[in-house]
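# A structural walkthrough
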Amino acid sequence: MTKIKELIKNLLKGKIPLKIVFWIYFILVTFLLNIFIQIDLNNSYYELTFNKTQTYINLALFFLLFIYTIFIFIAVIKSANQYKGSKFLAFLAKLTVTINLISTLFSTLDILKVYYFEDYFIGSQIKAYKAQLPIKVNSYTNLKNIDKIENKILYTYQIVNKKFSHIANLNLKSFKKDVQNSLCEDETTLDLLKKDYVLKYSYLDEKGNKLINIDTTKKTCGPSIYDLDILKEILSKQGQM
């Protein structure tokens, strides 16, 4: 621990050579931190969710990167000021860490918007989905479009495999009930419904003709929508969570 404290002091006082500070502590460490954070984000990239644990983990990672960015900015500037070689190289080092700091500040503002403004978060995730469309859901269905209008999230699915065209002849009332039951049991969609979002599902056949529209609200799920929250609260009081 003493060695680490001594290293931090030396970095902040500019006592470590610029080439080491810049290439190892700035370029290499920053690159590794970004890779680690990107991997964590990719694990939940397509989740339209407000899972608190995942949120806190992501925020902690971004906070770590933000603090390190400020720290290494000071370290490079201090070391560049002590550099006895080319003034131009010292200037380039300062310029690079300054641009990195500004970029990180803007990224942090976007991240805060995502995590503290739920509507902005959903909009940004829908944008990410749109860039990947169409998305294959199963062997016969594609997610063709997704959009958001006020508190309504609109999904458009299309049957793309002719072998499954008989689905159009199924009991659509029963199909609607199955879809709504699925949405009411899924933790991710439950989070959205509890926040008064309306999930609007449209299903098209392989020719683009409408089969059925399915609207789901928290009223659709009934009072049982809060059962899981009640169970979690009970278990938490019992010390099991």
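To be clear, the structure that these remarks concern was listed above.
Parameters and conventions
- Residues numbered from 1 in each chain as written.
- Predicted model: local features only at pLDDT ≥ 70, side-chain atom pairs only at ≥ 80, totals over all residues.
- Heavy atoms only, no water.
- Disulfide = S-S within 2.5 Å.
- Helix = DSSP H or I, 4+ residues; strand = E, 2+ residues; numbered from the N terminus.
- Pairing = 2+ DSSP bridges.
- Contact = heavy atoms within 4.5 Å.
- Axes fitted to C-alpha atoms, helices over the stretch in contact; angles between N-to-C directions.
- Polar contact = N/O pair within 3.5 Å; in protein donor to acceptor, adjacent residues only side chain to side chain.
- Salt bridge = Lys/Arg side-chain N within 4 Å of Asp/Glu carboxyl O.
- Buried < 20%, exposed > 50% of the residue type's maximum accessible area, 1.4 Å probe, protein only.
- Expected span 1.5 Å × (residues − 1).
- Arc of directions from axis to C-beta.

This structure, assessed with the given rule, holds 1 disulfide. Covalent S-S linkage joins Cys 184 and Cys 221, the inter-sulfur distance amounting to 1.9 Å. Between Cys 184 and Cys 221, the S-S torsion sits near -80°, and that sign places the bridge as left-handed. One end of the pair, Cys 184, is in helix H6 (residues 172-185); the other, Cys 221, is in helix H8 (residues 218-221), with 37 residues separating them in the sequence.

What follows concerns the sheet that holds strand S5 (residues 210-216). To summarise the sheet geometry, strands pair through backbone hydrogen bonds and adopt either a parallel or an antiparallel arrangement. Across the sheet, which stays open at both edges, the 5 strands sit in the order S1-S2-S3-S4-S5 with mixed pairing between neighbours. Single-partner strands in this sheet number two, and they are strand S1 (135-136) and S5. Bridge analysis of strand S2 (residues 141-149) against strand S3 (residues 152-159) gives 8 bridges, and the strand direction is antiparallel. Residue Asn 142 lies in a different strand from S3, and its bridge partner there is Gln 158. The strands touched by H6 are strand S4 (198-204) and S5; relative to S5, the strand with the most contacts, the crossing angle is about 40°.

This paragraph deals with the side chain of Thr 189. With respect to the secondary-structure elements, Thr 189 resides in helix H7 (residues 187-194). Within the structure, Thr 189 has its side chain in polar contact with the backbone oxygen of Leu 183 (distance 2.6 Å). If we skip the residues at most four places from it in the chain, Thr 189 touches Leu 183 and Leu 199.

Scanning the entire structure with this criterion turns up 2 salt bridges. Of the charged contacts in the structure, one is a salt bridge between Asp 196 and Lys 218, with a shortest N-O distance of 3.0 Å. With Asp 196 in the loop between H7 and S4 and Lys 218 in helix H8, the pair connects residues that are 22 residues apart, well separated along the chain. Classification of Lys 218 by relative accessible area gives partly exposed; the value is 27%. The salt bridge partner of Lys 200 is Asp 215, with a shortest N-O separation of 2.8 Å. In this pair, Lys 200 sits in strand S4 while Asp 215 sits in strand S5, placing the two residues 15 residues apart along the sequence. On the basis of relative accessible area, Lys 200 is assigned to the partly exposed category, the value being 23%.

The next thing to look at is unusual backbone geometry. The linkage connecting Leu 133 with the following residue, Pro 134, adopts the cis geometry, with an omega of -5°. Here Glu 150, not a glycine, exhibits a phi torsion of approximately 55°, which is positive. Within the secondary structure, Glu 150 sits in the loop between S2 and S3.

On to H6, then. In a regular helix each residue adds 1.5 Å, so 14 residues correspond to 20 Å; H6 covers 20 Å between its end C-alpha atoms and thus fits that length. Along H6, the residues that are buried comprise Val 179, Gln 180, Leu 183 and Cys 184. The buried residues of H6 occupy an angular sector of 135° when projected down its axis, which confines them to one face. Exposed residues lying more than 90 degrees from the buried face of H6 are Lys 177 and Glu 185. The inward-facing, buried residues of H6 abut H7, S4, S5 and H8.

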